[in-house]
Amino acid sequence: RKHAMSLARGAATMVAALGARAPMVRNVRGIVSNVNRGMHFPVPAMQFLRPQARAMSTQPHDFDEYPDLQPTPPPGYVRGTTFEEDMASDPYAPHKENMKQAKAWIKENIKPGMSKDEMMDMAEEAFNKFIPPMRSFEAIMHDYANEQQVEKEKRMWTKDHAKEVAMKKIPVLDELGRAHAVGKRKESTARIYVTKGTGNVIVNKKMLVDYFHRPALRDEVFRPFQVTGQPCSYDAWVLVEGGGLSAQAQAIKLAGARALQAFDPEYRGVFKRLKLLTQDDRQVERKKPGQPKARKKFQWVKR
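Calculation notes
Residues numbered from 1 in each chain as written. Predicted model: local features only at pLDDT ≥ 70, side-chain atom pairs only at ≥ 80, totals over all residues. Heavy atoms only, no water. Patch = residues over 30% accessible without salt bridge, like charges linked within 9 Å, V, L, I, M, F, W, Y side chains within 5 Å. Areas by Shrake-Rupley, 256 points an atom, 1.4 Å probe, with all protein chains shown as cover. Salt bridge = Lys/Arg side-chain N within 4 Å of Asp/Glu carboxyl O. Lys, Arg positive; Asp, Glu negative; His and termini not counted. Charge placed at Lys NZ, Arg CZ, Asp CG, Glu CD. Helix = DSSP H or I, 4+ residues; strand = E, 2+ residues; numbered from the N terminus. Pairing = 2+ DSSP bridges. Axes fitted to C-alpha atoms, helices over the stretch in contact; angles between N-to-C directions. Parallel < 35°, antiparallel > 145°, perpendicular 65-115°, else oblique. Contact = heavy atoms within 4.5 Å. Phe/Tyr/Trp six-rings, centres within 6.5 Å; stacked < 30°, edge-to-face > 60°. Buried < 20%, exposed > 50% of the residue type's maximum accessible area, 1.4 Å probe, protein only. Core = buried A, V, L, I, M, F, W, Y, C linked by side-chain atoms within 4.5 Å. Expected span 1.5 Å × (residues − 1).

Draft legend 1. Up close: a negative patch on the surface. Together, Asp-117, Glu-118, Asp-121, Glu-124 and Glu-125 make up a region of like negative charge exposed at the surface. For Glu-125, the position within the fold is in helix α6 (residues 116-130).

Set out below in structure tokens:
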């Protein structure tokens, strides 16, 4: 007996849930079921549904004969004083208004003792009068294709616009045939002038080998010139300040790659693939109070 009562309660809950969540689909059977749940027909017509399912239905009731069966509004819906306010606060307000008009029309024309077929014919007529038809699948796909085309054109325009902005940043040769560019890394700032020459690089009035004693730093500075395939065809005169030697070498490398674009625009694609035009914006992490460095900690003793 206990199991039978539990099964009965579960079935009633399922019926109520279906009554509360049944969608308003655009077909005759769907509108009949919604009308049956949302309106209180005479007794012969209301024998199709259980009272619990009608009580838990979320469809608005147009009658005041059964105040105990009035459902609560859906969460988040605030009824306004006008229909425009209802539409602004509830995105489903137009559909609810159409369903409300269809139910009102059925209420005016329904008669006691009507058969189920007659009610379905009446519901179909109300459906044709008040429920707008759905758009065809071809029209929806056509609009979707148009939206995709617009998005594609927008992306292409953005890409072309970004390319135009980047091309404007490429330095140009001055009247003396020099290309000027600036590169930064950490606290270092390098200003470079590149001309056609024999491969001489002067940094702060010193030769490259005298300013950077470590071979790795000299290779860092000379990297853009090696990528061009003509490392001994350009001369560079550099002014660099701030930071350490490693940061200065990386700043000179970025400035040199930017300046070499003025001699051949084809260099830009090669430099971008090798990330020679990407500025490294990382900074040294600050020292924290109460500890010796940014991450290092003093030895901690519990007692």
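Draft legend 2. Inspection of the sheet that holds strand β3 (residues 201-203) at higher detail. Pairing is mixed in the open sheet, where 5 strands are placed in the order β1-β2-β5-β3-β4. The open sheet has two free edges, formed respectively by β1 (179-185) and β4 (206-207), since each of these has just one partner strand. Relative to strand β5 (residues 234-241), β3 runs parallel, the two being bridged by 3 bridges. Residue Val-203 lies in a different strand from β5, and its bridge partner there is Val-238.

Draft legend 3. Molecular detail of the pairing of β5. Where strand β2 (residues 188-196) lies against β5, 8 bridges are found, and the strand directions are antiparallel. In the sheet register, Thr-189 faces β5, and the bridge partner there is Glu-241.

Draft legend 4. Molecular detail of the packing of helix α9 (residues 215-227) against helix α10 (residues 245-260). The contact between α9 and α10 brings their axes to 8 Å, and the two run at 10 degrees. Between α9 and α10, the interaxial angle falls into the category roughly parallel. Where α9 approaches α10, its residues Leu-217, Glu-220, Val-221, Arg-223, Pro-224 and Phe-225 are matched on the opposing element by Leu-245, Ser-246, Ala-249, Gln-250, Ile-252, Lys-253, Gly-256, Ala-257 and Leu-260.

Draft legend 5. Representation of the packing of aromatic side chains. For the coordinates displayed, the defined rule picks out 6 aromatic pairs. Between Tyr-211 and Phe-212, the aromatic rings sit 4.9 Å apart at their centres with planes inclined by 75 degrees, giving edge-to-face as the arrangement. Since its relative accessible area comes to 17%, Tyr-211 is described here as buried.

Draft legend 6. A look at the nonpolar core. Core analysis: the largest hydrophobic core is formed by 31 residues, its most contacted members being Ile-192, Val-194, Val-203, Phe-212, Ile-252 and Leu-260. Sorting the residues of this core by element identifies β1, β2, β3, α8 (208-211), α9, β5, α10 and α11 (267-273) as the ones contributing at least two each. Of the residues forming this core, the biggest block, 7 residues, is contributed by α10. Apart from residues lying up to four places away in sequence, Phe-212 is in contact with Val-203, Leu-217, Arg-218, Val-221, Leu-245, Gln-248, Ala-249 and Ile-252.

Draft legend 7. Here's a closer look at the pattern of salt bridges. Evaluation of the coordinates by the stated rule reveals 7 salt bridges. The salt bridge partner of Asp-280 is Arg-185, with a shortest N-O separation of 3.3 Å. Of this pair, Asp-280 sits in the segment after α11 while Arg-185 sits in strand β1, and the two are 95 residues apart along the sequence. Its relative accessible area of 24% is what places Asp-280 among the partly exposed residues. Between Lys-253 and Glu-220 there is a salt bridge; the shortest N-O distance is 2.8 Å. Here the residue Lys-253 occupies a position in helix α10, and Glu-220 occupies one in helix α9, the gap between them amounting to 33 residues.

Draft legend 8. Seen up close, helix α5 (residues 93-109). Taking 1.5 Å as the rise per residue, α5 with 17 residues should run 24 Å; its terminal C-alpha atoms sit 24 Å apart, in good agreement. Among the residues making up α5, those that are buried are Ala-93, Asn-98, Met-99, Ala-102, Lys-103, Trp-105 and Ile-106.

Draft legend 9. Quick look at the environment of Ala-179. Residue placement: Ala-179 occurs in strand β1. Distance from Ala-179 to Thr-195, taken between C-alpha atoms, is 6.6 Å for residues 16 residues apart in sequence. Beyond its immediate chain neighbours, meaning those up to four positions away, Ala-179 contacts Val-172, Leu-173, Ile-192, Tyr-193, Val-194, Ala-259, Ala-262 and Phe-263.

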